[in-house]
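Tertiary structure, described
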Amino acid sequence: MISIQTNETAIWSELVHQLCGIKIDHSRAYLYETRLFQLFRETGTSSFEELYSKVKHNKCGTLQKKVVDLITTGETSFFRDLGIFELLKSRILPELKATSRPLKIWSTACSTGQEAYSIAIALCEYCGSRFFSKTKILATDISESAIFRASKGIYNQFEINRGLSSERLSSWFLPHCDYWKVRDKIRQIVSFRKMNLTGAISFNKKFDLVFCRNVAIYFSEEDKKNLFQKIAKVISPGGILVLGSTESLLGLSADSFEPVRAYPKGIYYRRL
Ligand SMILES: C[S@@+](CC[C@H](N)C(=O)[O-])C[C@H]1O[C@@H](n2cnc3c(N)ncnc32)[C@H](O)[C@@H]1O
């Protein structure tokens, strides 16, 4: 493995922050060493300084995209943190009157799509066919390869085993060679798009429900604050924001959201 030097960590930290908002300082420099090693062979470089120069001056941007794909953690699963999906059906969807109108939903850092499809499944279980086909779930992520995989809606047995009950598997998936494919009914209400959450965020219409889970934890305090301010602008009054189970808005966006505590299952945030 090629080691990264302190002076190299500084330039890489700056570059990765510019590319995707993630902060990786010297205390976690091993992440550069373990995640970027394949790029040395691909680019014929042998030090982090040389690799930096190649990535920085790569005009077509493919190397930058590869760095983002390798650095970002795509860890996800179906119905991750089950409690929040139970809350979705018992509290959030009733509060949003999901049985009397089609909702607009955004999964902000969807990785390979499990979160967006889990939301769609929970919604269909809650409101049946009524308004379901008119519901729109936008799912975005900075990683092009994650978005590509998500849009296919095809998962291997290991991914299926992480979070899906056998009832949900048979109701919402079809066998597809050695894999499982999300049924069209679910797939057709979800659309996928590449988006960087540290860039500008603007939409024509506001969302009723936004999931922003397990992504802001990798951002600096300032980038987190900016992100939740931008998200506040695209949620309708009364709309709901859901964060990861270890995340909170404490000190970040207090005047835009009120916390709704529903212990022991979790906490969500209502746009004021
Ligand atoms: C740990 S996964 C979380 C996936 C899902 N939300 C969940 O909780 O299971 C984090 C995702 O955030 C994405 N990500 C990282 N930085 C991002 C950025 N600046 N803009 C958009 N997505 C980003 C990564 O590509 C990755 O897929």
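Computed from a predicted model, the values in this text were never measured in an experiment.

1. Some details on the pattern of salt bridges
- According to the stated counting rule, one finds 15 salt bridges in the structure shown.
- A salt bridge links lysine 66 to glutamate 42; the nearest nitrogen and oxygen atoms lie 2.6 Å apart. With a gap of 24 residues between them, lysine 66 in helix α5 (residues 62–71) and glutamate 42 in helix α3 (residues 37–43) connect regions that are remote in the sequence.
- On the basis of relative accessible area, lysine 66 is assigned to the partly exposed category, the value being 37%.
- Looking at glutamate 42, the relative accessible area reads 43%, which means it is partly exposed.
- Via salt bridges that share partners, Lys65, Glu144 and Lys194 belong to a single interconnected network.

2. Considerations on the domain arrangement of the chain
- Along its sequence, the chain is carved into domain 1 (6–71) and domain 2 (82–271).
- Domain 1 and domain 2 are separated by 30 Å when their C-alpha centres are compared.
- Taken together, the contact pairs nine residues of domain 1 with 11 residues of domain 2.
- Inspection of the domain 1/domain 2 interface yields one salt bridge.
- Across the salt bridge formed by glutamate 144 and lysine 65, the nearest N and O atoms sit 3.5 Å from each other.
- Counting every contact that joins domain 1 to domain 2 gives six residue pairs in polar contact (both at pLDDT 80 or more).
- For the side of domain 1 that touches domain 2, the class distribution of residues is four nonpolar, two polar and three charged.

3. With respect to the packing of helix α4 (residues 48–56) against α5
- Two numbers describe how α4 lies on α5: the axes approach to 7 Å, and their chain directions differ by 120°. Between α4 and α5, the angle is such that the two are oblique. Of the residues in α5, those in contact with Lys54, Val55 and Lys56 of α4 are Leu63, Gln64 and Val67.
- Partitioning the contact of α4 with α5 into residue classes produces three nonpolar, one polar and two charged.

4. Here's the deal with the site of the ligand
- Taken together, 21 residues lie around the ligand, and Cys20, Thr76, Ala109, Asp141 and Asn214 are the ones closest in.
- In the model, an oxygen atom of the ligand is placed 2.6 Å from a nitrogen or oxygen of the threonine 76 side chain.
- For the ligand, whose free accessible area comes to 610 Å², the fraction covered by protein is 99%.
- Residues of the shell around the ligand, tallied by class, amount to eight nonpolar, eight polar and five charged.

Basis of the calculations
- Residues numbered from 1 in each chain as written.
- Predicted model: local features only at pLDDT ≥ 70, side-chain atom pairs only at ≥ 80, totals over all residues.
- Heavy atoms only, no water.
- Salt bridge = Lys/Arg side-chain N within 4 Å of Asp/Glu carboxyl O.
- Helix = DSSP H or I, 4+ residues; strand = E, 2+ residues; numbered from the N terminus.
- Buried < 20%, exposed > 50% of the residue type's maximum accessible area, 1.4 Å probe, protein only.
- Domains from an automatic or database assignment.
- Contact = heavy atoms within 4.5 Å.
- Polar contact = N/O pair within 3.5 Å; in protein donor to acceptor, adjacent residues only side chain to side chain.
- Nonpolar A, V, L, I, M, F, W, Y, C, P; charged D, E, K, R; others polar.
- Axes fitted to C-alpha atoms, helices over the stretch in contact; angles between N-to-C directions.
- Parallel < 35°, antiparallel > 145°, perpendicular 65-115°, else oblique.
- Near = heavy atom within 4 Å.
- Areas by Shrake-Rupley, 256 points an atom, 1.4 Å probe, with all protein chains shown as cover.

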